[in-house]
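The primary structure of each chain is shown beneath.
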Amino acid sequence: MKNSDKKILVTRSSIPPVDEYMEEIKEIWDSHWLTNFGSKHRELSEKLKSYLGVERIQLTVNGHLALEYALSALKLEGEVITTPFTFASTTHAIVRNGLIPVFCDVLPDTGTIDPSKIEDLITDRTCAIVPVHVYGNICDTEAIEDIAKRHNLKVIYDAAHAFGETYKGKGIGSFGDASIFSFHATKVYNTIEGGAVCFDDEEFGRALYGLINFGIRNAETVTGVGGNAKMNEFCAAMGLCNLRRVDDDIAKREKCAGRYRKRLEGTAGIRLNTVQKDVRTNYAYFPVFFDPKVFGKSRDEVKDALAGHDILARKYFYPLTSEFDCYKGVLDPGETPEAIKLASEVLTLPIYPDLSLEDIDRICDIILE
Ligand SMILES: *Cc1c(COP(=O)(O)O)cnc(C)c1O
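Residues numbered from 1 in each chain as written. Predicted model: local features only at pLDDT ≥ 70, side-chain atom pairs only at ≥ 80, totals over all residues. Heavy atoms only, no water.

Novice: Give me the lowdown on the pattern of salt bridges, citing residues and values where you can.
Specialist: As enumerated under the stated definition, the model contains 29 salt bridges in all. The partner of Lys149 in a salt bridge is Glu145, and the shortest N-O contact between them spans 3.1 Å. Taken as a pair, Lys149 and Glu145 lie in helix H5 (residues 141-151) at a separation of 4 residues, close to a single helical turn. Looking at Lys149, the relative accessible area reads 64%, which means it is exposed. Across the pair Arg362 and Asp359 runs a salt bridge, and its minimum N-O distance is 3.9 Å. Here Arg362 and its partner Asp359 are both found in helix H11 (residues 357-368), 3 residues apart, which amounts to about one turn of the helix. (Salt bridge = Lys/Arg side-chain N within 4 Å of Asp/Glu carboxyl O. Helix = DSSP H or I, 4+ residues; strand = E, 2+ residues; numbered from the N terminus. Buried < 20%, exposed > 50% of the residue type's maximum accessible area, 1.4 Å probe, protein only.)

Have a look at this one:
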């Protein structure tokens, strides 16, 4: 097949050499211990705690239940300030806890919550803020912490996009009352499916443990109405393998991002993602924002042109979660002009560790033509 005919997807999951995974799961055959906090689970918890620079961690079956149960463990009631420029999971996790999402606008350069707009949305029913680190851009954690302290609000970060990132040298999972990560196959770091909640407070940890394991305290004592969201040993084993190469993967992603930047930067009507100060980023996504009036083509036209060459870029995030059918007439979409604009202009281009620079050039040639 000619290189120019090759299909390119927006991402490609990182996987270890098959022998490495086989070696890792061999012990499972010896022990017959497939799930329920086995040795792979314990080892991965310890390794991730140190890699992420967090005090405590609870691994989960996926990122969504990490968030849904983290909110539940805080026993919240009322309204939660969040943003609609995110994946379905964030808003659904709030609603599924019987909480009401109140949509705040985002900052145009990072897509993260605009702290200057939070306080106007606070009422006597507000209990928490759920900010989202978007594309690996991190939220203004200092401003958010200040607001939360003054109004006595909990902060739970959706850090699904931010694996391995640091702000001023501090692991991004260590911010807020809790931060959640997703280890889904499409993310920078995967355990096939998986996720984690990072936190400091031991009591919160006990509540969370109950939720992810049927509220079971010990063999004869059930103290909570919990569900089931445990990570199994096969996923933990994949996580151990992938953790060995994640720094390498991020370095390769950085090269991809650099090539895109070199080719697209300075083109009239194209805006690239902001580079944030004091942040070690993970290059999770490569979003490009098209201003149709200046660029001459809309985001949708660019997407179609790429699709014509079997290159799949993604409108991420579009639509806003506040515009989902299931929330029409149910939730107040709020005033979020910047989020609406970003959702109409964004296209995330393919990026993954083994995407070749030649392929990136081909993608850029199509865009620039
Ligand atoms: C992927 C993702 C989630 C959900 O994670 P899963 O592991 O797929 O359940 C939540 N929030 C955001 C922003 C995500 O991108």
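Following the structure, the description resumes.
Novice: Provide a residue-level description of empty space enclosed by the protein, including the pertinent values.
Specialist: Applying the stated rule across the entire model yields 1 cavity of 30 Å³ or more. Taken as a whole, the largest cavity encloses approximately 40 Å³ of empty space. Every residue along the wall of the largest cavity is listed here: Val54, Glu55, Gly173, Ser174, Gly176, Asp177, Cys198, Phe199 and Asp200. Per-class residue counts for the lining of the largest cavity are 3 nonpolar, 3 polar and 3 charged. (1 Å grid on protein atoms, 1.4 Å probe; cavity = no way out; pocket = protein on both sides within 12 Å on 5 of 7 lines; lining within 4 Å. Points joined across faces, edges and corners; volume = space filled by probe spheres on them. Nonpolar A, V, L, I, M, F, W, Y, C, P; charged D, E, K, R; others polar.)

Novice: Could you give me a rundown of the sheet that holds strand S13 (residues 279-280), with the residues and numbers involved?
Specialist: An order of S7-S6-S13 is seen for the 3 strands of this open sheet, with the pairing classed as antiparallel. The sheet is open, and its two borders are formed by strand S7 (170-171) and S13, each paired with just one other strand. In this structure, strand S6 (residues 166-167) lies alongside S7, joined through 2 bridges in antiparallel fashion. What sits directly across from Tyr167, in S7, is Lys170. (Pairing = 2+ DSSP bridges.)

Novice: Quick rundown of the site of the ligand? Include the residues and the values.
Specialist: Around the ligand lies a shell of 15 residues, among which Gly63, His64, Asp158, Ser182 and Lys187 are the nearest. With respect to the ligand, the backbone of His64 contributes an N or O atom lying 2.8 Å from an oxygen atom. A distance of 3.3 Å separates an oxygen atom of the ligand from a polar side-chain atom of Tyr316. Considered on its own, the ligand offers 380 Å² of accessible surface; in the complex 93% of this is hidden by protein. Contributions of two or more residues to the shell around the ligand are made by helix H3 (63-73) and helix H4 (88-95). (Near = heavy atom within 4 Å. Polar contact = N/O pair within 3.5 Å; in protein donor to acceptor, adjacent residues only side chain to side chain. Areas by Shrake-Rupley, 256 points an atom, 1.4 Å probe, with all protein chains shown as cover.)

Novice: Go over the packing of aromatic side chains, please, and point to the residues and values.
Specialist: Under the counting rule described, the total for this entry stands at 18 aromatic pairs. Residues Phe85 and Phe317 carry aromatic rings whose centres are separated by 5.2 Å and whose planes lie at 90 degrees to one another, so their mutual orientation is edge-to-face. Of the two residues, Phe85 sits in the loop between strand S2 (79-82) and H4 while Phe317 sits in the loop between helix H9 (299-307) and helix H10 (337-345), which places them 232 residues apart along the sequence. Seen from their ring centres, Tyr167 and Phe175 are 6.2 Å apart, and the 55 degrees between their planes marks the pair as tilted. Given the relative accessible area of 9%, Phe175 is considered buried. (Phe/Tyr/Trp six-rings, centres within 6.5 Å; stacked < 30°, edge-to-face > 60°.)

Novice: Let's hear about the side chain of Thr126: which residues, and what values?
Specialist: Here Thr126 lies in strand S4 (residues 126-130). Using a relative accessible area of 11% as the deciding quantity, one classes Thr126 as buried. At 2.8 Å, the side chain of Thr126 and the backbone nitrogen of Thr123 are in polar contact. Filtering out sequence-adjacent residues up to four positions away, Thr126 remains in contact with Glu79, Ile81, Leu121 and Leu153. (Contact = heavy atoms within 4.5 Å.)

Novice: I'd love a proper account of the sheet that holds strand S12 (residues 270-272), names of residues and values included.
Specialist: Sheet strands pair via backbone hydrogen bonds, and the direction of the pair is either parallel or antiparallel. Read across the sheet, 3 strands follow the order S12-S14-S15 without closing on themselves; strand pairing throughout is antiparallel. The open sheet is flanked by S12 and strand S15 (346-349), the only strands paired with a single partner. On average, each strand axis in the sheet is tilted by 30 degrees relative to the strand beside it, whichever way the strands run. Where strand S14 (residues 286-290) and S15 come together, 4 bridges link them in antiparallel fashion. Across the sheet, the residue bridging to Phe289 is Val346, located in S15. In the packing of H10 onto the sheet, contacts are made with S12, S14 and S15, and the angle to S15 comes to roughly 50 degrees. (Axes fitted to C-alpha atoms, helices over the stretch in contact; angles between N-to-C directions.)

Novice: Give a description of the packing of helix H2 (residues 39-52) against helix H7 (residues 233-264) that names residues and reports values.
Specialist: Between H2 and H7, the shortest axis-to-axis distance is 7 Å and the interhelical angle comes to 30 degrees. The angle between H2 and H7 places the two elements in the roughly parallel class. Here H2 runs over H7; the crossing is left-handed. Listed contacts from H7 to Ser39, Lys40, His41, Glu43, Leu44, Lys47, Leu48 and Tyr51 of H2 are Glu233, Ala236, Ala237, Gly239, Leu240, Leu243, Val246, Asp247 and Ile250. (Parallel < 35°, antiparallel > 145°, perpendicular 65-115°, else oblique. Left-handed = near helix turned anticlockwise from the far one by under 90°.)

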